[in-house]
Amino acid sequence: MTNNQKVRVRFAPSPTGGLHLGGVRTVLYNYLFARHHGGDFVLRIEDTDQSRFVAGAEEYILQCLHWCGIQPDESPEKPGAYGPYRQSERKAGYAQYAKQLVAQGNAYIAFDTTEELEEMRNKYKTEHHNAQYDSRTRGYMRNSLTLAKEETEALLAAGTPHVVRIKMPVNETVIFKDMIRGEVSFDTNLVDDKVLLKADGMPTYHLAVVVDDYLMKITHAFRGEEWLPSAPVHLLLWQYMGWEAEMPQWAHLPLILKPDGNGKLSKRDGDRLGFPVFAMDWTDPRTMEQTIGFKERGFLPEAFVNLLAMLGWNPGLEQELFSIDELVQYFSIERVHHGGAKFDYEKAKWFNQQYIQKADNARLAELVRPFIADKEVSIADDKLATIIGLVKERIHLLSEFWEQASFFFVRPETIDTAALQPKWNDTIKSFFVSLTQKLSAENEWNQESIEAIFNETVAAAGIKKGEAMLPLRVMLVGGKFGPGVFIIAEQIGKDETVARIEKAISIL
RNA sequence: GGCGUGUUGGUCAAUCGGUUAAGACGCCUCCCUUUCACGGAGGAAUGACGGGUUCGACUCCCGUACAUGCUACCA
């Protein structure tokens, strides 16, 4: 790219299912880079594989980006000047470029059937070398290089299924500079003649990515490390098309690995280890299989973005909590790690907890609604906000709200009597009986007044405050947890407080 | 198998030839809190291995090991 060109980056998912953590991180790095340099972020849909098309996947991806607060500047829904934004809508164009490459001698037409390819691989495979369609084997195959010109034309005229393959040069070294890894080089003899145009007329990723990036004036191309081995094909294509001067700078991002063992993090690992891998809930329309997302597990989008940003990138500061605007400010591709990072769900939850603590109670109340929708209680917004303020420092996920706060809304079904029994005797029992009487007679009802009555009653009964505090908590809450016991009493109200104490006395 | 890429505590990681090798998560101890949590203080725990280069290597080079990715008319 030329220096004064406007930065343009793209995220190019194929709409085949749920949006993976690693995908979101790739989006994020694209977005941060674009914003940092005042450039554009483009969403392009790579739907060239018709057999893998999944209905609804494109909309789903949009929703995930929206939830994360990442809006593309251009997308299928919001076209800019470089459309179309779906590869399937460019079908005719790709064929032209493929034709040009064939005419130039940089590509050729191949008629081999699946069976013939299979046969070739078995035949030429050795212990030391995997057989591939390349300079060593293409001479034995049925293609426009081995067939007479008339024969090829006759086959074409007869409508014989065929693909277009790149003709990888012999004895060349392709070198390029990756923004993250520095100089990377490949021996062209070891790269196979990748299919460029499929028999159905659709381009493969290899052709499409080059053509689209060129047409869409992409200046920086970020993608996962798994693409590195095919980079020489793309480099050569840029060269053969005569677009070398406009080729984007490449950056191959490290992988996100599974927490245990090694290898790429997959949806299966999440299922197995009990954490989400997709950004949002995804239901496969074919199998109806449902997969949980970070959103529905109770993550805040800003926490999700923050934790993903830190997985493979680090600004070199001690600060760990960054708003998306701060990330934009600090982000630099040079500080992206080379090696893959294992995903740590515990740390992810810590990030979320930090953001929950910082978040506004009214907003949290709104966000927590879906998590209590199935509970048969109706709670006013302000009441919910107040209670969230009381319990938010002890939850890591929004989904944990109910287990930490249900006693504010419904009487505990059971109480931890085991925690009470050792302290239970006639003295303490009569203390609680007299406490309920005094509480019932009280007109003012707030945590100060409740505590004052409690103190009086304790003194009158001649017991220590500590002996009665825990029992009171267990009676109201059901267990040994939760915020201050008097504020709980205030919130649940006088009648309910008295009722819970009386019920506890009756069963002890 | 071949090729590519990678390797600092259990995990995320700072360091860009000279530090007692930061910090965070998790774990442990203590304090705070008459519960739990939050918060605070402290602790255990790290440069894969072997060679170079250098006055001096976590840092640069080479080799080995290990890991991982690719090796489809999938992306």
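Colleague: Before we go on, may I ask you to explain the overall build of chain A in this structure?
Modeller: In terms of helices and strands, chain A carries 21 helices and 13 strands. Its C-alpha atoms give chain A a radius of gyration of 32 Å, more than 25% over the compact-globule value 23 Å for 508 residues. In terms of overall dimensions, chain A has C-alpha extents of about 110 × 50 × 40 Å along its principal axes. Among the 508 residues that make up chain A, the fraction classed as buried is 51%. Counted over contacts in chain A with a minimum sequence separation of 6, partners at least 24 positions apart contribute 71%. Just so you have it, chain A exposes about 23,500 Å², and 49% of that area is on carbon and sulfur atoms. When the 57 positive and 70 negative side-chain charges of chain A are each reduced to one mean point, those points stand 2 Å apart.

Colleague: In this structure, what is going on with the pairing of strand β6 (residues 182–187)? I would like to understand it.
Modeller: Side chains on a regular strand alternate between the two faces of the sheet. Sheet topology note: the strand β5 (residues 173–178)/β6 ladder contains 6 bridges and is antiparallel. Paired with Val 174 across the two strands is Phe 186, which belongs to β6. Linking β5 to β6, which pair antiparallel, is a turn of 3 residues.

Colleague: Looking at this model, I keep getting lost on the environment of Arg 44. Mind explaining?
Modeller: For Arg 44, the position within the fold is in the loop between β2 (40–43) and α2 (57–68). What makes Arg 44 buried here is its relative accessible area of 1%. In sequence terms Arg 44 and Pro 76 are 32 residues apart; their C-alpha atoms lie 7.1 Å from each other. The residues touching Arg 44, leaving out its near neighbours within four places in the chain, are Arg 10, Phe 11, Ala 12, Pro 13, Tyr 85, Gln 87, Val 209, Asp 212, Asp 213, Met 216 and Ile 218. Reaching out from Arg 44, the side chain makes a polar contact with the side chain of Asp 213 at a distance of 2.9 Å.

Colleague: Even after reading the chapter, I still don't get helix α13 (residues 361–372), so can you show me in this structure?
Modeller: Owing to its 3.6 residues per turn, the α-helix brings residues three or four apart onto one side. Between the first and last C-alpha of α13 there are 16 Å, a value that for 12 residues agrees with the 16 Å anticipated at 1.5 Å per step. Inspection of α13 places Leu 364, Ala 365, Val 368 and Ile 372 among the buried residues, and these make up the whole buried set. Axial view of α13: buried residues confined to an arc of 100 degrees, hence all on one face. Residues of α13 that are exposed and point over 90 degrees away from its buried face: Glu 366 and Pro 370. Those residues of α13 that are buried are in contact with α12 (345–358), α14 (381–391) and α15 (401–405). Near the N-terminus of α13, the side chain that reaches the backbone nitrogen of Ala 362, with its oxygen 3.1 Å away, is that of Asp 360.

Colleague: Before we go on, may I ask you to explain the domain arrangement of chain A in this structure?
Modeller: By a widely used convention, the size of an interface equals the accessible area lost when the partners come together. Taken domain by domain, chain A comprises domain 1 (88–212) and domain 2 (417–507). A C-alpha centroid distance of 80 Å is found between domain 1 and domain 2.

Colleague: What is the right way to read unusual backbone geometry from this model?
Modeller: Glycine aside, residues mostly have negative phi, and peptide bonds are mostly found in the trans state. Look at the link from Gly 83 to Pro 84: it is a cis peptide, with omega at -5 degrees. Even without being a glycine, Asn 171 presents a positive backbone phi close to 55 degrees. On the secondary structure map, Asn 171 appears in the loop between β4 (163–166) and β5. Under the relative-accessibility criterion, Asn 171 is labelled exposed at 62%. Positive phi is not limited to glycine here, since Lys 217 has a value of about 55 degrees. Summarising the element assignment, Lys 217 is placed in the loop between α6 (205–215) and β8 (220–224). Owing to a relative accessible area of 43%, Lys 217 belongs among the partly exposed residues under this scheme.

Colleague: Is there a simple way to explain the side chain of Asp 47 in this structure?
Modeller: Note that Asp 47 resides in the loop between β2 and α2. No salt bridge forms around the buried Asp 47; measuring N to O, its nearest opposite-charge neighbour Arg 86 is 5.2 Å away. Excluding its chain neighbours within four sequence positions, the residues that come into contact with Asp 47 are Pro 15, Arg 86, Gln 87, Ser 88 and Met 202.

Colleague: What's the story with the packing of aromatic side chains in this structure? I'm lost.
Modeller: Note on aromatic pairs: each is described by the distance of the centres and the angle between the planes. In total, this model carries 31 aromatic pairs according to the counting rule given. Both rings, one in Phe 322 and one in Tyr 330, keep their centres 5.6 Å apart while their planes meet at 70 degrees; by these two values the pair is edge-to-face. Under the relative-accessibility criterion, Phe 322 is labelled buried at 1%. Here Phe 401 and Phe 409 contribute two aromatic rings whose centre-to-centre distance is 6.4 Å and whose plane-to-plane angle is 50 degrees, an arrangement assigned as tilted. We note that Phe 401, like Phe 409, is buried. An aromatic cluster is present here, built from Trp 67, Phe 275, Phe 294, Phe 299, Phe 304, Phe 343 and Tyr 345 joined pairwise through their rings. The aromatic ring of Tyr 133 is capped on one face by Arg 165, whose charged end is 3.8 Å from the ring centroid. The ring of Tyr 355 carries the charged tip of Lys 358 above its face, separated from the ring centre by 4.8 Å.

Criteria and thresholds
- Residues numbered from 1 in each chain as written.
- Chains lettered and ligands numbered in written order.
- Predicted model: local features only at pLDDT ≥ 70, side-chain atom pairs only at ≥ 80, totals over all residues.
- Heavy atoms only, no water.
- Helix = DSSP H or I, 4+ residues; strand = E, 2+ residues; numbered from the N terminus.
- Rg over C-alpha atoms; globule rule 2.2 N^0.38 Å.
- Buried < 20%, exposed > 50% of the residue type's maximum accessible area, 1.4 Å probe, protein only.
- Contact = heavy atoms within 4.5 Å.
- Areas by Shrake-Rupley, 256 points an atom, 1.4 Å probe, with all protein chains shown as cover.
- Lys, Arg positive; Asp, Glu negative; His and termini not counted.
- Charge placed at Lys NZ, Arg CZ, Asp CG, Glu CD.
- Pairing = 2+ DSSP bridges.
- Polar contact = N/O pair within 3.5 Å; in protein donor to acceptor, adjacent residues only side chain to side chain.
- Expected span 1.5 Å × (residues − 1).
- Arc of directions from axis to C-beta.
- Domains from an automatic or database assignment.
- Salt bridge = Lys/Arg side-chain N within 4 Å of Asp/Glu carboxyl O.
- Phe/Tyr/Trp six-rings, centres within 6.5 Å; stacked < 30°, edge-to-face > 60°.
- Lys NZ or Arg CZ within 6 Å of the ring centre and 35° of its normal.

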